[in-house]
Amino acid sequence: RLWTTFGWGQYSNWQFGPRLRVSIDGRLEVYSDAVRDLHRNFENGDERARQTFLSLAPDYVWLPARLSDVKSWLTRQGYRIDVDTAESFVAVRKTLPPLQQGRAPLPDCFE
């Protein structure tokens, strides 16, 4: 289960689906206002949204690097950062094995 930001779920589905289930993707018509608000509020540090996130307990989190406050919060909640670039980061539940990064360069969205 992957928690991600609005437009990035489609890329995740294309690259990793159906192995990863995404929290949201870029299809406005599929998601309710409440789901879109939850993601936006989570990224903005809303405590209620963060508690909902914790209750959902996603295995992975892929978000833009600009959300450094979220990244710090995740590390205090039992996640570690396995990928950290100028564009984005991937947080992984500490109970899971580290992500295996191949020898090929990361796709542009990660750099």
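Our structure's up above, just so we're on the same page.
Residues numbered from 1 in each chain as written. Predicted model: local features only at pLDDT ≥ 70, side-chain atom pairs only at ≥ 80, totals over all residues. Heavy atoms only, no water.

Q: Just give me the short version of the nonpolar core, but keep the residues and values in it.
A: Membership of the largest hydrophobic core comes to 14 residues, with the highest contact counts inside it found for W3, F42, F53, V61, L63 and L74. Of all the secondary-structure elements, those providing two or more residues to this core are α2 (33–43), α3 (47–56), β2 (60–64), α4 (68–76) and β4 (88–93). The biggest single contributor to this core is α4, with three residues. When sequence neighbours within four positions are dropped, the list of residues in contact with L63 reads W3, T4, T5, W8, F42, E43, V70, S88 and F89. L20, W62, V83 and V92 belong to the second-largest nonpolar core, a separate cluster that totals seven residues. (Core = buried A, V, L, I, M, F, W, Y, C linked by side-chain atoms within 4.5 Å. Buried < 20%, exposed > 50% of the residue type's maximum accessible area, 1.4 Å probe, protein only. Helix = DSSP H or I, 4+ residues; strand = E, 2+ residues; numbered from the N terminus. Contact = heavy atoms within 4.5 Å.)

Q: So what's going on with the environment of T75? Residues and values would help.
A: The residue T75 is located in helix α4 in this model. Linking T75 and K94, residues 19 residues apart in sequence, is a C-alpha distance of 9.1 Å. Not counting residues within four places of it along the chain, the set of residues in contact with T75 comprises I81 and K94. Within polar-contact distance, the side chain of T75 engages the backbone oxygen of S72 at 2.7 Å. (Polar contact = N/O pair within 3.5 Å; in protein donor to acceptor, adjacent residues only side chain to side chain.)

Q: Tell me about the packing of α3 against α4, and please be specific about residues and values.
A: The contact between α3 and α4 brings their axes to 13 Å, and the two run at 50°. As the angle between them shows, α3 and α4 are arranged oblique. Where α3 crosses over α4, the handedness of that crossing is right-handed. When α3 is examined against α4, the residues R50, F53 and L54 are found in contact with a partner set consisting of D69, V70, W73 and L74. Grouping the amino acids of the contact of α3 with α4 by side-chain chemistry returns five nonpolar, no polar and two charged. (Axes fitted to C-alpha atoms, helices over the stretch in contact; angles between N-to-C directions. Parallel < 35°, antiparallel > 145°, perpendicular 65-115°, else oblique. Left-handed = near helix turned anticlockwise from the far one by under 90°. Nonpolar A, V, L, I, M, F, W, Y, C, P; charged D, E, K, R; others polar.)

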